[in-house]
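# Examining the three-dimensional arrangement
As a plain string of letters, each chain reads:
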Amino acid sequence: MDAVKHTLVALLPRKSSYDIEKFFNGFSLNQRARVKTVTTDLNAYYASVAERLFPNTEIIIDCFHIIKMINQAFNHERVKKMKLFAKPSVEYNLFKCHWRLFLLDPAKLDNEHPRYRRQLKRSMTDAQIVSEAFELSEELLLSHNVIHKLHRAIICNDVLTLARCLRAFKQSFKQVSVQKAQWTKKHGGAYPKKIKNIDNNHLIQTLNTLTTDKNLAHVLNAANPKFAKYSNGPIEGINRKIKLLRRLSFGMPNFTNMKKRIILWLNFKPKKKNSKKIALIS
């Protein structure tokens, strides 16, 4: 798709790197060199294919996919803490029933209007629920602070803050890797509990993925104000429509016919009925 006009450029039979390269190699190198930006998700081979095909392009990882990935990692950690408590307990319900509050910006949490919470058996504000939950887990509080700092940097297009946060994490992760290597030399593979917790932490694994040498520059482009108008949303919406159409069609036996049907469906705009004007005389 054209990332500016949101118009469909082409429909390919498959999304493999072979099919993508085969299609774009049909254009000359001079034409491909005119492509300035490619907006994509975090699929590794899309970025590598784009770099090979378009020599002068800037690759942008869409903001939605970054925030979704961070939120999923935080939810994994929340569920791990939740499972440490007995199922019907108040502590369990703090993490279980009010998970949306942890993903909400702390500045937007209601701190003035307490409401009765059936699962907690008392009246509490949203801010009190989050605060009480983090008293049970300091590690989750640190994760909460990290994800919301990243959220604000991406949403406000603050590329400097995002770069500072991610590079600080990358530096600290390198130090941990050095400590792991030293520990392995001395004691073998039996790591202490602190290092085991780092290895099993989904948020740390996610941030490590975002800060790899291949991904870091592309992730920082997501918060760059220069690229704020580019989004992967329209093409994700078309993909959803195509999957729905395939399901309704019970598969895709003939790609040519399916392609025509998809184009007709995407371009279809129902005509507005001519409404007759009626004058009421009182």
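Structure: above.
Throughout, a residue's number is its position along its own chain's written sequence, starting from 1. Where local features are concerned, this predicted model is filtered to residues with pLDDT of at least 70; where side-chain atom pairs are given and counted, the filter is 80 or more; whole-chain, interface and lining totals use all residues. The basis for the side-chain values is all heavy atoms of the structure; hydrogens and waters are excluded.

Note on conventions: DSSP H or I runs of at least 4 residues are helices, E runs of at least 2 residues are strands, and numbering of each starts at the N terminus. Across its full length, the protein chain carries 14 helices and four strands. Here the protein chain holds 282 residues, and the buried ones make up 33% of them. Contacts are assigned to residue pairs with any non-hydrogen atoms lying within 4.5 Å of each other. If you take every contact in the protein chain between residues at least 6 apart in sequence, the share linking residues at least 24 apart comes to 58%. For the area figures, the Shrake-Rupley method with a 1.4 Å probe applies, and any residue is considered shielded solely by the protein chains shown. Here the protein chain displays about 19,200 Å² of accessible surface, and carbon together with sulfur accounts for 55% of that area. Using a 1.4 Å probe on the protein chains alone, a residue whose accessible area is under 20% of its type maximum counts as buried, one over 50% counts as exposed, and one in between counts as partly exposed.

Here we take up the pattern of salt bridges. Any carboxyl oxygen of Asp or Glu that lies within 4 Å of a side-chain nitrogen of Lys or Arg is treated as forming a salt bridge with it. Taken as a whole and assessed by the stated rule, the structure comprises eight salt bridges. Two residues, Asp 105 and Arg 152, come together in a salt bridge whose shortest N-O distance is 3.7 Å. One end of the pair, Asp 105, is in the loop between helix 6 (99-103) and strand 3 (115-117); the other, Arg 152, is in helix 8 (residues 138-155), with 47 residues separating them in the sequence. Note on Asp 105: relative accessible area 24%, which makes it partly exposed. In this structure, the salt-bridge partner of Lys 170 is Asp 213, at a minimum N-O distance of 2.7 Å. Residue Lys 170 is found in helix 9 (residues 159-187), and its partner Asp 213 is found in the loop between helix 11 (202-210) and helix 12 (216-222); the two are separated by 43 residues along the sequence. Residue class for Asp 213 comes out exposed when judged on its relative accessible area of 68%.

To continue, consider the packing of aromatic side chains. For this analysis, a ring pair means two rings from Phe, Tyr or Trp (six-membered ring only for Trp) whose centres lie within 6.5 Å, classed as stacked if their planes differ by under 30 degrees, edge-to-face if by over 60, and tilted for the remaining angles. In the structure shown here, the tally under the stated rule is nine aromatic pairs. Measuring from ring centre to ring centre gives 5.7 Å for Phe 23 and Phe 27, while their planes differ by 75°; the resulting arrangement is edge-to-face. Measuring from centroid to centroid gives 6.3 Å for Phe 227 and Tyr 230, while their planes differ by 35°, and the two rings are tilted. Classification of Tyr 230 as buried rests on a relative accessible area of 17%. An aromatic cluster of at least three residues, connected via ring pairs, comprises Phe 23, Phe 24, Phe 27 and Phe 54.

With that out of the way, let us pick up the environment of Lys 229. Structurally, Lys 229 can be placed in the loop between helix 12 and helix 13 (233-248). Its relative accessible area of 57% is what places Lys 229 among the exposed residues. When the C-alpha atoms of Lys 229 and Ala 3 are compared, they prove to be 8.6 Å apart, with 226 residues separating the residues in sequence.

Orientation is described by axes fitted as lines to C-alpha atoms, over the contacting stretch for helices, and by angles from 0 to 180 degrees between their N-to-C directions. At a minimum axis distance of 11 Å, the contact between helix 4 (residues 63-82) and helix 8 shows a crossing angle of 170°. If you check the angle between helix 4 and helix 8, you find them roughly antiparallel. Every residue of helix 8 that contacts helix 4 at Cys 63, Ile 66, Ile 67, Ile 70, Asn 71, Phe 74, Glu 77, Arg 78 and Lys 81 is listed here: Glu 139, Leu 140, Ser 143, His 144, Ile 147, Leu 150, His 151, Ile 154 and Ile 155. Residue classes in the contact of helix 4 with helix 8 are distributed as 10 nonpolar, four polar and four charged. Angle categories are assigned with fixed cut-offs, so that under 35 degrees is roughly parallel, over 145 is roughly antiparallel, 65 to 115 is roughly perpendicular, and the rest are oblique. For this classification, the nonpolar set comprises Ala, Val, Leu, Ile, Met, Phe, Trp, Tyr, Cys and Pro, the charged set comprises Asp, Glu, Lys and Arg, and every other residue, Gly included, is treated as polar.

Definition used in this section: a nonpolar core is a set of buried Ala, Val, Leu, Ile, Met, Phe, Trp, Tyr and Cys residues joined via side-chain atoms within 4.5 Å. Within the largest apolar cluster, 38 residues are counted, with the highest numbers of intra-cluster contacts made by Ile 66, Ile 70, Phe 102, Leu 150, Leu 162, Leu 166 and Leu 207. Going through the elements one at a time, helix 4, helix 5 (90-96), helix 6, helix 7 (126-135), helix 8, helix 9, helix 11 and helix 12 are the ones with two or more residues in this core. Considering each element in turn, this core owes the most residues, six residues, to helix 4. Apart from residues no more than four positions distant in its own chain, Leu 207 is found in contact with Val 146, Leu 150, Leu 166 and Phe 169. Judged by nonpolar contacts, the second largest core, of eight residues, contains Ile 20, Val 38, Ala 50 and Leu 53.

Let's shift gears to the side chain of His 65. The residue His 65 is located in helix 4 in this model. Look at His 65 and you get buried, because its relative accessible area is 14%.

In short, shape yes, function no, at least from these values alone.
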